[in-house]
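# Understanding the architecture of this molecule
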Amino acid sequence: VAYYTPTIVAALPGFFGVSYPLPFVFGPLVYLYAHTASDRTRRLTPRDAWHAMPFLVVVALAIPVYALSGPDKLSLLLQLQAGEKPLIFRLIDPIKLVSGAGYAVATLLFLKRHRRIVAENYSSLDRVNLQWLQWLALAAGAIWLLASGLDLIERLGVVHSIPSDYLIALSITVLIYAIGYQGLRQPEIFRF
């Protein structure tokens, strides 16, 4: 979020828009990680590459933005900050929210099914507990829910004092620190 200020974009215009497609990889990465963490023999397959398609499509659609000159990128930033979104952004943004929330739900459903299968097949759940991963999926789902709610509020024209991007960035920062804390508390989580 700090990058998207006019002075920094003016100094480093080549980076403008680079982070825009990244939310399309967060959900698939957590989902695929849940699958591989639950079955350590599972490896990524060519079929799993389909999860990257939305990200790649958005990158392809963003090529015209990446190709803009520095002053044109700065002009686009000012246009976006004034609330004037080009049609492509108005189409992609809701898809991004649905994708993120959908992957959070899919991950939670997978973990619920996995926990049930483990409970039926193991007498002790200590060695196969993926509770932390469920916590991660719930936290990610909460952030997507926050982003969706803020987007709806903005579409309804409700003015609030803190920009949505800052609230979402703060939420993601808290999540990253929580993951780091969890990693320090339970380093075995990250040994795999």
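Details of the structure are given in the entry above.
A brief report on the enclosed structure follows. For every chain, the first residue of the written sequence is number 1, and numbering continues from 1 along that sequence. Given that this is a predicted model, residues contribute local features only at a pLDDT of at least 70 and side-chain atom pairs are listed and counted only at 80 or more, while totals for whole chains, interfaces and linings are drawn from all residues. Where side-chain values are given, they derive from all heavy atoms of the structure, hydrogens and water being excluded.

## Some words on the overall build of the protein
As a reminder of what qualifies: A run of DSSP states H or I qualifies as a helix once it reaches four residues; a run of E qualifies as a strand once it reaches two. Both are numbered from the N-terminal end. Burial status follows relative accessibility: with a 1.4 Å probe on protein chains alone, a residue under 20% of its type maximum counts as buried, one over 50% as exposed, and anything between as partly exposed.
From N to C terminus, the protein includes eight helices and zero strands. Scanning the protein from its N terminus toward the C terminus, one meets helices and strands in the order α-α-α-α-α-α-α-α. For the protein, with 192 residues in total, the buried portion stands at 31%.

## Points about a nonpolar patch on the surface
Stated precisely, the cut-off is as follows: The patches described consist of residues with a relative accessible area above 30% and no salt bridge, like charges being joined within 9 Å and nonpolar side chains (Val, Leu, Ile, Met, Phe, Trp, Tyr) within 5 Å. Note on areas: these come from Shrake-Rupley sampling with a 1.4 Å probe, and a residue is covered only by the protein chains present in the view. By definition here, a salt bridge exists when the distance from a side-chain nitrogen of Lys or Arg to a carboxyl oxygen of Asp or Glu is within 4 Å.
A contiguous nonpolar patch, built from Trp 50, Met 53, Leu 56, Val 57, Leu 61, Leu 87, Ile 88 and Leu 91 and spanning about 770 Å² of accessible area, is present on the exposed surface. Elements with a contribution of two residues or more to the nonpolar patch: helix 3 (53-66) and helix 5 (87-121). Within the secondary structure, Trp 50 sits in the loop between helix 2 (23-38) and helix 3. Judged by its relative accessible area of 62%, Trp 50 is exposed.

## As for the nonpolar core
Condition: Among buried residues, the Ala, Val, Leu, Ile, Met, Phe, Trp, Tyr and Cys ones that are joined through side-chain atoms within 4.5 Å form a nonpolar core. Should any heavy atoms of two residues lie within 4.5 Å, those residues are counted as being in contact.
Ranked by internal contacts, the top residues of the largest apolar core, which has 17 residues, are Ala 34, Leu 111, Leu 130, Leu 133, Ile 168 and Leu 175. Where this core is concerned, the elements lending two or more residues are helix 2, helix 5, helix 6 (131-155) and helix 7 (164-185). Top element by residues in this core is helix 6. It accounts for nine residues. When sequence neighbours within four positions are dropped, the list of residues in contact with Leu 111 reads Ala 34, Leu 130, Leu 133, Gln 134 and Ala 137. In this structure, Phe 24, Val 58, Phe 89 and Ile 92 belong to the second largest nonpolar core, which totals six residues.

## Describing the packing of aromatic side chains
Geometrically, a pair of aromatic rings is defined through the distance of the ring centres and the angle of the planes. Short version of the rule: Paired rings are identified among Phe, Tyr and Trp, the last through its six-membered ring, by centres lying within 6.5 Å, and are further divided according to the angle between planes into stacked (under 30 degrees), edge-to-face (over 60) and tilted (the rest).
Inspection of the entire model under this criterion finds two aromatic pairs. Judged by centre distance (5.2 Å) and plane angle (90 degrees), the ring pair of Tyr 20 and Phe 89 falls under edge-to-face. Linking Tyr 20 in the loop between helix 1 (6-11) and helix 2 with Phe 89 in helix 5, this pair joins segments that are 69 residues apart in sequence. Each member of the pair, Tyr 20 together with Phe 89, is buried. Both rings, one in Tyr 31 and one in Tyr 103, keep their centres 5.8 Å apart while their planes meet at 65 degrees; by these two values the pair is edge-to-face. Remark: Tyr 103 occurs in helix 5 and Tyr 31 occurs in helix 2; sequence separation between them is 72 residues. Accessibility assignment for this pair places Tyr 31 and Tyr 103 in one class, buried.

## So, the pattern of salt bridges
Overall, the coordinates contain four salt bridges when judged by the stated rule. In this structure, Asp 48 engages Arg 42 in a salt bridge whose closest nitrogen and oxygen atoms are separated by 3.0 Å. Judged by its relative accessible area of 10%, Asp 48 is buried. According to the relative accessible area criterion, Arg 42 is partly exposed, its value standing at 23%.

## Structural notes on helix 3
Formally: Helix span, as expected, comes to 1.5 Å for every residue beyond the first. Working definition for bend: take the seven residues up to and ending at a residue and the seven starting at it, fit an axis to each, and measure the angle between the axes.
Here helix 3 is 14 residues long and its end C-alpha atoms lie 19 Å apart, about the 20 Å a rise of 1.5 Å per residue gives. When the local axis directions of helix 3 are compared, the greatest deviation, roughly 30 degrees, occurs at Ala 60, which is followed within four positions by the proline Pro 64. Looking at the packing, one finds that the buried side of helix 3 touches helix 2, helix 4 (70-81) and helix 5.

## Notes on the environment of Ser 75
Of note, Ser 75 is situated in helix 4. Look at Ser 75 and you get partly exposed, because its relative accessible area is 43%. Taking the C-alpha atoms as reference, Ser 75 lies 9.7 Å from Ala 10; in sequence the two are 65 residues apart.

## Quick word on a positive patch on the surface
Put simply, the rule is: In this tally Asp and Glu are treated as negative and Lys and Arg as positive; neither His nor the chain ends contributes. The atoms used to mark charge sites are NZ of Lys, CZ of Arg, CG of Asp and CD of Glu.
The grouping of Lys 112, Arg 113, Arg 115 and Arg 116 at the surface amounts to a positive patch. Mapped onto the elements of the fold, Arg 116 is located in helix 5. Residue Arg 116 is classed as partly exposed on the basis of its relative accessible area, which comes to 46%.

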